[in-house]
Each structure stands twice: as C-alpha cells, then as structure tokens.
Amino acid sequence: MNVFETYKGHYKALFRLGIPIVIGQLGMIILSFADTLMIGHHSTDELGAASFVNNVFNLVIIFSTGFSYGLTPIIGGFFGRGELPLAGNALKASLWANLSISLLLTFIMTILYFCVEFLGQPIELIPLIKPYYLTLLFSLAFVLIFNGFKQFADGITDTQTSMWILLGGNCLNIFGNWILIYGKFGFPELGLLGAGISTLFSRIIMALVFILIFIVSKRYQKYREGFKDMNFSKKTFIRLNKLGWPIGLQMGMEASSFGLSTIMIGWLGTIALASHQVMLTISTFAFMMYYGMGAAIAVRISNFHGQKDWPNVRRSAYAGFHIIMVMAVVFCITLYSLRYQLGGWFTDSAEVTTTVVTLMFPLLLYQFGDGLQITFANALRGISDVKPMMVIAFIAYFIISLPVGYLLGFVVGWGTFGVWMAFPFGLTSAGIMLWLRFRKKVNENS
C-alpha cells in the first residue's frame, strides 16, 4: 500500500499521457496488417515486392522517428518551466532539423533505388518494386514533418491530438488502398502502386492537418508566438542533432539486429522464415504498446527534469516500469493461452504452426528485458542523457545478441529456436545497462 501511495499520482499521469499514444501505435499495427492482407489478396508477387520495400523503409522510418524523439526532452523542459514561447521556437528548429534529415535520407534511398537490380531480388518483382519504392520515397519528408509536430505535442502533454490524426490517417490509408488497389469508384486498378499512392496521400494529409491545427488552435497560441516572433535558434538546432542522432542510431541498431537475425533464419529455409515472420508480427504488437507507454515516461520525466525535480524523475521512471511490467504479464498470459492457435491465424501450414509454438518460450522470456530497455531508454531520453545509449545498443545487439544467435542457432544446432533465444540475452542486457546508467545519473543529481 505504501508503494501504491507513493506512485499513485504518477500512474494516473502516465496513463493519461500514454493511453492515447498506445492507441495511436496500435493503429499503425492495424494499418500494417490491413496493408499486408489487402496487397496479399490482390497478388502474391505484389506481396513479395511490398515485403522487400517495406523492410527497407522500416529501418529508415525507425531511425527518423528516433531522431525526432530528441525534441521531447527539450520541449518537456520548456513546458515544465512554463517557457511556452521557447517551446514554439524549439518546434521551428526541430522542423528544420527533421527536413535536413529527410533530405539526407532521401538522397541515400535514391542511390539505393538505382541499385535495386543488384540486391538479389527476383527479377520478376523489379517492375513492381520500383514504382512502389518511389511513392514511399516521396513520402519521407512528410513523415518527418509529422514526427516533428507529434513530438512537440507529446512534449506539452497533448497526446490526444496525435492519436486522432494517426487514427484518421490510417482510416484514410485503408480506404485509399481499397479504392486504388482494386479499382473502385471508377479509379484504375493499380495494385501495389495504388497502395503506395494511398500511403503517400495519407502521410501528406496527416502532416497538413497537424500544421493547420497548430495554426488555428487556441491551445497553441503561446507556442505560435515563439514560432513566429523569435529568431531561428542555432543553439537549439545543434542540441536537437546532439540528442536526435544517438537516439536514432540506438533504435536503428536494435531494428538492424532483428533484420540481420532474419537473414540468418533465412538460411534455415522457408518454414523457418515464415515462422519467424509470424512471431515478429506478434512481438511487434507488444513492442508498440510498451513504446507508447515509454513515450509517456519520457514526456513526464522531461517535465520534471526541466524543474530539476529529481525525486519525481526517479518515481516517474519506476512507475512507468511497473505499468509496462503489468502490460507484459497480461500479454504473456494471453499469448501463452493462445499458443496453439496463433500460427493458424497467419497460415494453413502445420509446420509453421508447430514452429511458432516452439518459439513461444523465448518470446515470453524476453518480454521482461524488452520492457526494461524501453522504460530506461525513454527515461534517459527524458533527462537528455542519450550518448551512452549508442554504446549500450552496440554492445547488447551486435556484441551479445547476434553472436549468441549464430552460436545457438548454427554451432549448437538449435536452428530457429536458437536464433530466437539470443533475443532475451540482447534485450535484457540492454535493459540492465540502461537502468544502471539512469540510476547513476539520478544518484549524481539527487
């Protein structure tokens, strides 16, 4: 009871901030499911092409989303101190930083576009891959503009605006897919290209809606004053880059470790790869829920950090960890009770369904480590201590997880199960190192 009384206020605040973010994250997962189902029912070749392009762009979008997270502690600090015009000015610097990153990423991805034929993909998929690739390439700038406004809104504790825009954009995308993939209401049947156009259009609309809300909303009036009347802050721009790059690289390395594990599992054959894809889809569901609450932890901590209130910085982090652990327990119980049915939701293959059951143990095992690393990665983001996160991510995912996966999967001979057993080692080691770093920083300042 004493513990509950200590954290009760933090639980309430984190739920208020985090639930809209979690709902928005789940909306993105539902959109991914809908895209896959709609494209897959139109053409198997288009599904293969979409899988390649989406995996390439997911890494870029994860990095760019991580980069935009650098705005949260800055905005949260200004908001915590009541310096609202400065928060608006920081948004201006963030938009410039995000647009600069979008130009860099677009340049890199354009070079990759001209090398698609040399990446070993089936030759019959190239005519499908390239047009779809281009539509997603054109949408990158709008993703980063939206991210800039989203992190600004989250930083001032307005998480519901982002949620509604995300949900509305997802509904628009699904409706656009139905029209353009299958050729409804007199539109041509464009298949995969139609899905790309729908995604591009919905991302443009989401960015424009956020801009419009910022321009007309009374809630944002004080922030607009700083955005319009104050000069561009070179100091804030530099700070955004110092915070954004480490977070982006940390999240990129985590995503890369899963991507490289996918390559290793591909060496084991089609059944292994199909089972791996099913488990990744399931685990992404939990990851997005945890990260939604993690974003609320970062916002809450950044507010207290701006006030130099270190006791509440600590309490916010541990209250968030308690909530994420409860989410993990509920997820694990649900998953374990459905372990024999899950594979059948995705495929008719009895072999895949059986393999999915065997992979349940490592998936359940690493939920603690995943929740731990998400909590304290976001806690460190909230106090702007992000540089060590790059080193921790490199050690956890490239020095520990990937070698252990190869050792258990191929040297010991455990196959797909062995590769998956590496994830608890990598995620838990990352979580422990991030927790130790956070505890050290709080103790130094308490």
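The coordinates are above.
Quick notes on the rules
- All residue numbers here refer to positions counted from 1 along the written sequence of the relevant chain.
- Note on the predicted model: pLDDT of at least 70 is required for a residue's local features to be given, and 80 or more for side-chain atom pairs to be given and counted; whole-chain, interface and lining totals, by contrast, use all residues.
- The side-chain numbers reported here are obtained from all heavy atoms of the structure, hydrogens and water having been left aside.
- Secondary structure elements are defined from DSSP: runs of H or I of at least 4 residues count as helices, runs of E of at least 2 residues count as strands, and each element is numbered from the N terminus.
- The cut-offs for exposure are 20% and 50% of the maximum accessible area for each residue type, with area from a 1.4 Å probe on protein chains only; residues under the lower value are buried, those over the upper are exposed, and the others partly exposed.
- For this analysis, residues touch if any pair of their heavy atoms sits within 4.5 Å.
- The charge count treats Lys and Arg as positive and Asp and Glu as negative. His and the chain ends do not count.
- In this description, the location of a charge corresponds to atom NZ of lysine, CZ of arginine, CG of aspartate or CD of glutamate.
- Any pair of Phe, Tyr and Trp rings, taking the six-membered ring for Trp, is counted once the centres come within 6.5 Å. Such a pair is stacked with planes under 30 degrees apart, edge-to-face with planes over 60 apart, and tilted for the rest.
- Counted as over-ring charges are cases with an Arg CZ or a Lys NZ within 6 Å of the ring centre that also lie within 35 degrees of the ring normal.
- When a carboxyl oxygen of Asp or Glu lies within 4 Å of a side-chain nitrogen of Lys or Arg, that pair is called a salt bridge.
- In this analysis, axes come from line fits to C-alpha atoms, helices being fitted only over the stretch in contact, and the angle between any two N-to-C directions falls in the range 0 to 180 degrees.
- Roughly parallel means an angle under 35 degrees; roughly antiparallel, over 145; roughly perpendicular, 65 to 115; everything else is oblique.
- Left-handed is the label given to a crossing in which the near helix is rotated counterclockwise from the far helix by less than a right angle, and right-handed is the label when the rotation is clockwise.
- Any residue with relative accessible area above 30% and no salt bridge may belong to a patch, with like charges joined within 9 Å and the nonpolar Val, Leu, Ile, Met, Phe, Trp and Tyr side chains within 5 Å.
- Per-residue and other accessible areas were derived by the Shrake-Rupley procedure at a 1.4 Å probe size, with only the shown protein chains allowed to occlude residues.
- Note on residue categories: nonpolar means Ala, Val, Leu, Ile, Met, Phe, Trp, Tyr, Cys or Pro, charged means Asp, Glu, Lys or Arg, and polar means any other residue, Gly included.
- Among the buried residues, those of types Ala, Val, Leu, Ile, Met, Phe, Trp, Tyr and Cys that are joined through side-chain atoms within 4.5 Å form a nonpolar core.

Things to note about the overall build of the chain
Next up, step 1: Scanning the chain from terminus to terminus reveals 17 helices and zero strands.
Next up, step 2: Each of the 446 residues in the chain was classed as buried or not, and the buried ones make up 55%.
Next up, step 3: In the chain, 82% of the contacts between residues at least 6 apart in sequence involve partners at least 24 apart.
Next up, step 4: Across the chain, the centroid of the 29 positively charged side chains sits 15 Å from that of the 19 negatively charged ones.

Looking at the packing of aromatic side chains
Two measures describe an aromatic ring pair: the distance that separates the ring centres and the angle between the ring planes.
Next up, step 1: Scanning all chains against the criterion turns up 30 aromatic pairs.
Next up, step 2: Centroid distance Phe 321 to Phe 376: 6.0 Å. Interplanar angle 45°. Geometry classified as tilted. Here Phe 321, found in helix H11 (residues 310-337), pairs with Phe 376, found in helix H15 (residues 367-382); they are 55 residues apart in sequence, far enough to count as distant. Just as Phe 321 is buried, Phe 376 falls in that class too.
Next up, step 3: Each member of the aromatic cluster is reached from another via a ring pair, and the members are Phe 146, Phe 149, Phe 152, Phe 210, Phe 214, Tyr 220, Tyr 223 and Phe 227.
Next up, step 4: Just above the ring of Phe 227 sits the side chain of Lys 92; from NZ or CZ to the centre is 5.8 Å.
Next up, step 5: In this structure, Arg 339 is placed above the aromatic ring of Tyr 336, and the distance from its NZ or CZ to the ring centre is 3.9 Å.

Here's the deal with the environment of Ile 174
Next up, step 1: Structurally, the position occupied by Ile 174 is in helix H6 (residues 159-182).
Next up, step 2: Overall, the relative accessible area of 27% leaves Ile 174 in the partly exposed class.
Next up, step 3: Considering only alpha carbons, one finds Ile 174 and Tyr 220, 46 residues apart in sequence, at a separation of 30 Å.

Quick word on the pattern of salt bridges
Next up, step 1: Throughout the structure, instances matching the rule amount to six salt bridges.
Next up, step 2: Across the pair Lys 150 and Asp 154 runs a salt bridge, and its minimum N-O distance is 2.8 Å. Placement of both Lys 150 and Asp 154 in helix H5 (residues 126-155) is noted, with a separation of four residues, approximately one turn of the helix.
Next up, step 3: For Lys 150, a relative accessible area of 12% corresponds to the buried category.
Next up, step 4: Residue Asp 154 is classed as buried on the basis of its relative accessible area of 1%.

Here we look at the packing of H6 against helix H7 (residues 192-216)
Next up, step 1: The geometry of H6 relative to H7 is characterised by a closest axis approach of 8 Å and an angle of 155° between their N-to-C directions. When the axes of H6 and H7 are compared, the pair comes out roughly antiparallel. The element H6 and its partner H7 pack so that their crossing is right-handed. Mapping the contact onto sequence places Thr 161, Ser 162, Ile 165, Leu 166, Gly 169, Leu 172, Asn 173, Gly 176, Asn 177, Leu 180 and Ile 181 in H6 and Gly 194, Ala 195, Ile 197, Ser 198, Thr 199, Phe 201, Ser 202, Ile 205, Met 206, Val 209, Phe 210 and Ile 213 in H7.

Points about a nonpolar patch on the surface
Next up, step 1: Among the surface-exposed residues, Leu 260, Ile 263, Trp 267, Tyr 406, Leu 407, Val 411, Val 412 and Trp 414 lie close enough to one another that they form a single nonpolar patch of about 820 Å² accessible area.
Next up, step 2: Listed by contribution, the elements that provide at least two residues to the nonpolar patch are helix H9 (234-266) and helix H16 (387-411).
Next up, step 3: Tallying contributions element by element places H16 first for the nonpolar patch, with three residues.
Next up, step 4: Structurally, the position occupied by Ile 263 is in helix H9.

Some words on helix H3 (residues 71-81)
Next up, step 1: Judged by how many residues are buried, H3 sits mostly within the fold: eight of eleven residues are covered.
Next up, step 2: Considered for burial, the residues of H3 that qualify are Leu 71, Thr 72, Pro 73, Ile 74, Ile 75, Gly 76, Gly 77 and Phe 78.
Next up, step 3: Gly 82 lies just past H3 and shows a positive phi near 80°.

Some points on the packing of H11 against H15
Next up, step 1: Contact pair H11 / H15: the axes reach a minimum separation of 9 Å and the direction vectors enclose 155°. Compared by their axis directions, H11 and H15 come out roughly antiparallel. For the element pair H11 and H15, the recorded crossing hand is right-handed. Between H11 and H15, the residues in contact are Ala 317, Tyr 318, Gly 320, Phe 321, Ile 324, Met 325, Ala 328, Phe 331 and Cys 332 and Gln 367, Phe 368, Gly 371, Leu 372, Ile 374, Thr 375, Phe 376 and Ala 379, respectively.
Next up, step 2: The residue inventory of the contact of H11 with H15, partitioned by class, reads 13 nonpolar, four polar and no charged.

Side note on the nonpolar core
Next up, step 1: Membership of the largest hydrophobic core comes to 95 residues, with the highest contact counts inside it found for Phe 152, Phe 376, Trp 420 and Phe 438.
Next up, step 2: At 15 residues, helix H10 (residues 270-306) tops the list of elements feeding residues into this core.
Next up, step 3: One finds Phe 57, Ile 101, Tyr 133 and Leu 136 within the second-largest nonpolar core, a separate group that totals 31 residues.

Section: the side chain of Asn 303
Next up, step 1: With respect to the helices and strands, the residue Asn 303 is situated in helix H10.
Next up, step 2: Leaving out residues up to four positions away in the same chain, Asn 303 has contacts with Gly 76, Phe 79, Gly 80, Gly 155 and Thr 157.

Describing the environment of Lys 8
Next up, step 1: Its location among the elements puts Lys 8 in helix H1 (residues 2-42).
Next up, step 2: Remark: the alpha-carbon pair of Lys 8 and Ser 257, spanning 249 residues in sequence, is separated by 37 Å.

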